[in-house]
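Read off the chains here:
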Amino acid sequence: SFPTRRSADLGGLFRSTDNGANWTSVGGPLPTDFNGTSLRVSPSNPKRIYVAGGIVDDPSEGALERSDDGGETWKRFLVPLDPVRSFATLRIAFVHTTRPDLVVVWVDLPELGTKAPDAMLATANGGQTWTTIYESTGDLPGQALSPDGKTVVLGGQFEGVQSADLDEAVASYDRAIALKPDDP
């Protein structure tokens, strides 16, 4: 069995150039009160790094740590979680291919099984504000962005495969969008 380690215990990000045989530290440390669960580098700006996770002393608080300088420094953005999802695991689904400020996170409730009501949240300004773009009735493990960055595709056991125009979804800060199950 693997030991459980917080990202703060590890001190930050590490990189391997030899298929994992050796690792070297990259950049500065992540905050010590942060427990990272997923990491993505912006495809259009490799210095922009996002790490999603939670606050160690408050597992009901979601957070996105963002670095604009390749991991040297970090800025925290809180991710709003409703009471149903307050102990969820945040996972970065994707960072937009050409817009480094557009990030979609999966609010996953793995401890509740496949019938857990997961959600997808998006930010179009690098974490400053968030909108719920989809709420599921069950586990939602499949997420993808089309190569042109225009369509988000989601899939789950109860939802099937659904798609939506990403710009419409992100622009709808006042409502969740209805994905089209007939248009994957």
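Residues numbered from 1 in each chain as written. Predicted model: local features only at pLDDT ≥ 70, side-chain atom pairs only at ≥ 80, totals over all residues. Heavy atoms only, no water.

### Here's the deal with the overall build of the protein chain
Along the protein chain, the regular secondary structure elements total 2 helices and 13 strands. Per-residue burial for the protein chain yields a buried fraction of 45% across its 184 residues. Of the contacts made within the protein chain by residues no fewer than 6 positions apart, 38% connect residues no fewer than 24 positions apart. With an accessible surface of roughly 9,400 Å², the protein chain has 52% of that area assigned to carbon and sulfur atoms. (Helix = DSSP H or I, 4+ residues; strand = E, 2+ residues; numbered from the N terminus. Buried < 20%, exposed > 50% of the residue type's maximum accessible area, 1.4 Å probe, protein only. Contact = heavy atoms within 4.5 Å. Areas by Shrake-Rupley, 256 points an atom, 1.4 Å probe, with all protein chains shown as cover.)

### A few points about the side chain of glutamine 162
Checked against the element boundaries, glutamine 162 lands in strand 13 (residues 160–165). Here the side chain of glutamine 162 touches glutamate 159 through a polar contact of 2.9 Å, landing on its backbone oxygen. (Polar contact = N/O pair within 3.5 Å; in protein donor to acceptor, adjacent residues only side chain to side chain.)

### Overview of the packing of aromatic side chains
Under the defined criterion, the tally for this structure stands at 0 aromatic pairs. Sitting above the plane of the tryptophan 106 ring, arginine 91 keeps its charged end 5.5 Å from the centroid. (Phe/Tyr/Trp six-rings, centres within 6.5 Å; stacked < 30°, edge-to-face > 60°. Lys NZ or Arg CZ within 6 Å of the ring centre and 35° of its normal.)

### Observations concerning the confidence of the model for the protein chain
With 83% of its residues at a pLDDT of at least 70, the protein chain reaches an overall mean of 81. Mean pLDDT across the elements of the protein chain bottoms out in helix 1 (residues 7–10) (48) and peaks in strand 6 (residues 75–79) (94). Below a pLDDT of 50 lies the segment residues 1–9, which in the model reaches 12 contacts outside its immediate sequence neighbourhood of four places, other chains included. Long-range and interchain partners of residues 173–184, a stretch whose pLDDT sits below 50, account for 28 contacts in this model, where long-range means more than four residues apart. (pLDDT = per-residue confidence, 0-100.)

### What about the pairing of strand 12 (residues 151–156)?
With 4 bridges connecting them, strand 11 (residues 142–145) and strand 12 associate as antiparallel partners. When the sheet's bridge partners are listed, glycine 142 is paired in strand 12 with glycine 155. Linking strand 11 back to strand 12 in an antiparallel pair, the connection comprises 5 residues, with glycine 149 at a positive phi of about 75°. Connecting the antiparallel pair strand 12 and strand 13 is a turn made up of 3 residues. (Pairing = 2+ DSSP bridges.)

### Considering the sheet that holds strand 11
Read from one edge to the other, the open sheet built from 3 strands follows the order 11-12-13, with strand pairing classed as antiparallel. Looking at the sheet topology across the chains shown, the edges are occupied by strand 11 and strand 13. Between one strand axis and the next, the sheet turns through 15° on average, direction left out of account. As judged from the 6 bridges shared by strand 12 and strand 13, these two strands associate in the antiparallel manner. Counted as the bridge partner of glycine 156 is glycine 160 from strand 13. (Axes fitted to C-alpha atoms, helices over the stretch in contact; angles between N-to-C directions.)

### Points about the sheet that holds strand 8 (residues 103–108)
With antiparallel pairing, the 4 strands of this open sheet are ordered in space as 7-8-9-10. Every interior strand has two partners, whereas the edge strands, strand 7 (89–95) and strand 10 (131–135), have only one. Each strand axis lies, on average, 25° off the axis of its neighbour in the sheet, ignoring direction. As defined by bridge partners, strand 7 adjoins strand 8 across 6 bridges and the pair is classed as antiparallel. Opposite phenylalanine 94, over in strand 8, you have valine 104 as the bridge partner.

### Quick look at the environment of serine 44
Note that serine 44 resides in the loop between strand 3 (34–41) and strand 4 (49–55). Separated by 52 residues in the primary sequence, serine 44 and histidine 96 place their C-alpha atoms 8.2 Å from one another. In contact with serine 44, not counting residues within four places along its chain, are Thr97, Thr98, Arg99 and Pro100.

### Here's the deal with the side chain of serine 136
Examined against the element boundaries, serine 136 turns out to sit in the loop between strand 10 and strand 11. A relative accessible area of 6% places serine 136 in the buried class. Among the polar contacts made by the side chain of serine 136, one reaches the main-chain carbonyl oxygen of glycine 138 at a distance of 2.4 Å. Leaving out residues up to four positions away in the same chain, serine 136 has contacts with Ala116, Pro117, Asp118 and Glu159.

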